[in-house]
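Listed below are the residues making up each chain.
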Amino acid sequence: ALIIIFARFFQGLATAFMIVPARAMLNDCYSGDELKKKFNYLTISFAMAPIIAPYIGGIGEYLIGWRAGFYFLIGYILVLLFIILVFSKETIKQTKPFSFLHIIHNYQHICKSRAFVLPTIFISVLFGFTSIFAVLGPFIFQLKFHYTPLQYGYFALLIGFAWFLGNITNRVFFHVQR
């Protein structure tokens, strides 16, 4: 059980290391409406994970067993790490000196803004439900409804496809005024 806890910890750490640089690179290279468009593309690419992952996981569990997800993720992470180390370069045009006080000031400013805090809480709760489903969904489908991991993969594929369509719709209607 301890090995699984460590493996999950490193999965989360690796995920953070993929998301943070991607967002930082976009902020370094784009601004304004172009940055918003690129972030939408990034969101669409992140939406692919819950579409594809349960399906791949179901096939992997069917063929290899429950460890398949760990094998796949470590391979995927190592391939991405190689690609980043070999092919990416620094994207920031002008560096700024690090100021811990400046960071604290910015966080204080953000946390006092109702226009930021309330939608963030709302989105966090909704994302929490998505995360809970991602964690508990396979167990509910398999233990309560007696579906196989492969069948759950098909259900998750359908749910993820709906999420993907939502992101695409957002991109299509990007220019519609609010």
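Starting from 1, residues in each chain are numbered consecutively following that chain's sequence as written. It should be noted that, the model being predicted, local features are given only for residues of pLDDT at least 70 and side-chain atom pairs only at 80 or more, the latter also being counted only at that level, while totals for whole chains, interfaces and linings use all residues. Working from all heavy atoms in the structure, the side-chain values ignore hydrogens and water.

### Some words on the overall build of the chain
In plain terms, the rule: Numbering goes from the N terminus for both helices and strands, where a helix is a DSSP run of H or I of at least four residues and a strand is a run of E of at least two. Using a 1.4 Å probe on the protein chains alone, a residue whose accessible area is under 20% of its type maximum counts as buried, one over 50% counts as exposed, and one in between counts as partly exposed. We call two residues contacting when some pair of their heavy atoms lies within 4.5 Å. Per-residue and other accessible areas were derived by the Shrake-Rupley procedure at a 1.4 Å probe size, with only the shown protein chains allowed to occlude residues.
Check the secondary structure of the chain and you find 6 helices and 0 strands. Considered along the principal axes of its C-alpha atoms, the chain spans approximately 55 × 40 × 30 Å. Out of the 178 residues belonging to the chain, those deemed buried represent 17%. Taking the intrachain contacts of the chain between residues at least 6 apart in sequence as the baseline, contacts between residues at least 24 apart amount to 67%. When the accessible surface of the chain is totalled, it reaches about 14200 Å², and 73% of it is carbon and sulfur.

### A closer look at the packing of helix H1 (residues 2-29) against helix H3 (residues 68-87)
The condition is simple: Convention adopted: a line fitted to C-alpha atoms gives each axis, helices being fitted over their contacting stretch, and angles between N-to-C directions are expressed from 0 to 180 degrees. Note on convention: near helix rotated counterclockwise from far helix by under a right angle means a left-handed crossing. Clockwise means right-handed. Residues are sorted three ways: Asp, Glu, Lys and Arg are charged, Ala, Val, Leu, Ile, Met, Phe, Trp, Tyr, Cys and Pro are nonpolar, and all the rest, Gly among them, are polar.
Here H1 crosses H3 at 35°, and the two axes come no closer than 11 Å. Like other packed secondary-structure pairs, H1 and H3 cross with a definite hand, here left-handed. Where H1 abuts H3, its residues Ile4, Ala7, Arg8, Gln11, Ala14 and Met18 lie against Gly69, Phe70, Leu73, Tyr76, Ile77 and Leu80. Grouping the amino acids of the contact of H1 with H3 by side-chain chemistry returns 9 nonpolar, 2 polar and 1 charged.

### Observations concerning the environment of threonine 148
Here threonine 148 lies in the loop between helix H5 (114-144) and helix H6 (149-172). Its relative accessible area of 38% is what places threonine 148 among the partly exposed residues. Considered as a pair, threonine 148 and proline 138 are 10 residues apart in the sequence and their alpha carbons are 9.1 Å apart.

### A short note on H5
We count it as follows: What a helix is expected to span follows from its residue count: subtract one and scale by 1.5 Å. By definition, a residue's bend is the angle between the axes fitted to the seven residues ending there and the seven starting there.
For H5, spanning 31 residues, the distance from its first C-alpha to its last is 41 Å, which sits close to the expected 45 Å at 1.5 Å a residue. Roughly 45° is the biggest bend found in H5, and it falls at leucine 136, with proline proline 138 one to four residues downstream. Among the residues of H5, Gly137, Pro138 and Phe141 are the ones counted as buried.

### Some thoughts on unusual backbone geometry
Even without glycine at this site, histidine 146 takes up a positive phi of about 60°. Note that histidine 146 resides in the loop between H5 and H6.

### As for the packing of aromatic side chains
Put simply, the test is: Between 30 and 60 degrees the pair is tilted, below 30 it is stacked and above 60 it is edge-to-face, where a pair is any two Phe, Tyr or Trp rings, Trp via its six-membered ring, whose centres lie within 6.5 Å.
Inspection of the entire model under this criterion finds 10 aromatic pairs. By the ring-pair criterion, three or more aromatic residues cluster together here, those being Phe133, Phe141, Phe145, Tyr147, Tyr152 and Phe155.

### Brief notes about the side chain of threonine 91
Structurally, the position occupied by threonine 91 is in the loop between H3 and helix H4 (100-111). When neighbours within four sequence positions are excluded, threonine 91 is seen to be in contact with Met25, Asp28 and Cys29.

### What to know about the pattern of salt bridges
Note the cut-off: The salt bridge definition used is simple: a Lys or Arg side-chain nitrogen within 4 Å of an Asp or Glu carboxyl oxygen.
A complete count under the given rule lists 2 salt bridges for this structure. Lysine 36 is paired through a salt bridge with aspartate 33; the nearest N and O atoms lie 3.8 Å apart. With lysine 36 and aspartate 33 both in helix H2 (residues 32-63) and 3 residues apart, the pair spans about one turn of that helix. Between glutamate 34 and lysine 38 there is a salt bridge, and its shortest N-O distance comes to 3.5 Å.

### Considering the packing of H5 against H6
Defined as follows: Angle categories are assigned with fixed cut-offs, so that under 35 degrees is roughly parallel, over 145 is roughly antiparallel, 65 to 115 is roughly perpendicular, and the rest are oblique.
Remark: H5 packs on H6, axes separated minimally by 9 Å, with the N-to-C direction vectors making an angle of 135°. The angle between H5 and H6 falls in the class oblique. In this structure, H5 crosses over H6, and the sense of that crossing is right-handed. Residues Phe133, Gly137, Pro138, Phe141 and Gln142 of H5 form the contact with H6, whose own contacting residues are Pro149, Tyr152, Phe155 and Ile159. In terms of residue class, the contact of H5 with H6 is made up of 7 nonpolar, 2 polar and no charged.

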